[in-house]
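Residue-level structural notes
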Amino acid sequence: LSRAVQYCITTAAQKEQHDNAEVVTRVMDKTFTVYGVQLERVETFKYLGHTIRYDNSNTQAVCNNLSKARRTWGRLSHVMKVKNASPRVCGFFYKATVQAVLLFGSETWNITPTIRRGLEGFHVRAARRMTGMMPKKGHNGKWSYPAMEKVLEKASVYAVD
């Protein structure tokens, strides 16, 4: 795994551990039986290509999707720049390819505030690159960021919700 993905996994996992502690305690106390036979407890299993964890943590799946989306966006943005595509056209290609990769499997995710911030951060940074509306450093050393709504609107993309 890349260092960025490892950092993403570690940071998000630490934040989620605190949030999930009570739920995990309740889950671990339960046993499940089918026709009188106790089912084996597993920590993870694959479902539709994604790893599902017993504590409902989706950190690994989200970080994997972010990594794949970054690679896809890197390839696509290069082509869009060479072709001098407008922000609107870039937005259409982004939604059709990169956003599909980013959000693949998200219907099964438990989206925590940490996960939402990671997804939104990638999404807005991509929109800034599409539009050229990058943050600027002022004379006083402080950074000025363009309004997220204007950036997303110019790129014809919507907030991640």
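Quick look at the structure, then. If you're wondering where the values come from, they're calculated on a predicted model, not measured in any experiment.

Comments concerning the packing of helix H2 (residues 59-82) against helix H3 (residues 87-102)
A packed helix pair is summarised by two numbers, namely the angle formed by the two axes and the spacing between the axes. At a closest axis distance of 8 Å, the pairing of H2 and H3 adopts a crossing angle of 160 degrees. Classified by the interaxial angle, the pair formed by H2 and H3 is roughly antiparallel. The hand of the H2/H3 crossing is right-handed. Contact with H2, carried on its side by Asn65, Leu66, Lys68, Ala69, Thr72, Trp73, Leu76 and Met80, involves Cys90, Phe93, Tyr94, Thr97, Val98, Val101 and Leu102 of H3 and no other residues of that element.

Regarding the nonpolar core
Nonpolar side chains in soluble globular proteins generally cluster together in the buried interior. If you look at the biggest cluster of nonpolar residues, it comprises 23 residues, and the most contacted ones within it are Trp73, Tyr94, Leu119, Phe122 and Met130. Of all elements in the fold, only H2, H3, helix H4 (113-131) and helix H5 (148-154) reach the threshold of two or more residues within this core. If one sorts the elements of this core by residue count, H2 sits on top with 7 residues. Filtering out sequence-adjacent residues up to four positions away, leucine 119 remains in contact with Val62, Leu66, Leu102, Leu103, Trp109 and Val160.

What to know about the packing of H3 against H4
Where H3 contacts H4, the axes come no closer than 10 Å and their chain directions differ by 155 degrees. Here H3 lies roughly antiparallel to H4, going by the angle between them. Along this stretch, H3 crosses H4, giving a crossing that reads as right-handed. Residues Pro87, Cys90, Gly91, Tyr94, Val98, Gln99 and Leu102 of H3 form the contact with H4, whose participating residues are Leu119, Phe122, His123, Ala126, Met130 and Thr131.

Describing the pairing of strand S4 (residues 50-53)
A regular strand carries its side chains on alternate faces of the sheet. Side chains of S4 alternate between two faces, with His50 and Ile52 buried and Thr51 and Arg53 left unburied. Pairing geometry for strand S3 (residues 44-47) and S4, over 4 bridges, is antiparallel. Looking at the pairing, threonine 44 lines up with arginine 53 of S4. The antiparallel hairpin formed by S3 and S4 contains 2 residues in its connecting segment, where leucine 48 sits at a positive phi of about 50 degrees.

Considerations on the packing of aromatic side chains
Using the criterion set out here, one finds 1 aromatic pair in the structure. A ring pair is formed by tryptophan 73 and tyrosine 94, whose centres lie 5.6 Å apart and whose planes are at 90 degrees; its orientation type is edge-to-face. Taken as a pair, tryptophan 73 in helix H2 and tyrosine 94 in helix H3 lie far apart in primary sequence, 21 residues in all. The pair tryptophan 73 / tyrosine 94 is uniform in exposure class, with both members buried.

Parameters at a glance
Residues numbered from 1 in each chain as written. Predicted model: local features only at pLDDT ≥ 70, side-chain atom pairs only at ≥ 80, totals over all residues. Heavy atoms only, no water. Axes fitted to C-alpha atoms, helices over the stretch in contact; angles between N-to-C directions. Helix = DSSP H or I, 4+ residues; strand = E, 2+ residues; numbered from the N terminus. Parallel < 35°, antiparallel > 145°, perpendicular 65-115°, else oblique. Left-handed = near helix turned anticlockwise from the far one by under 90°. Contact = heavy atoms within 4.5 Å. Core = buried A, V, L, I, M, F, W, Y, C linked by side-chain atoms within 4.5 Å. Buried < 20%, exposed > 50% of the residue type's maximum accessible area, 1.4 Å probe, protein only. Pairing = 2+ DSSP bridges. Phe/Tyr/Trp six-rings, centres within 6.5 Å; stacked < 30°, edge-to-face > 60°.

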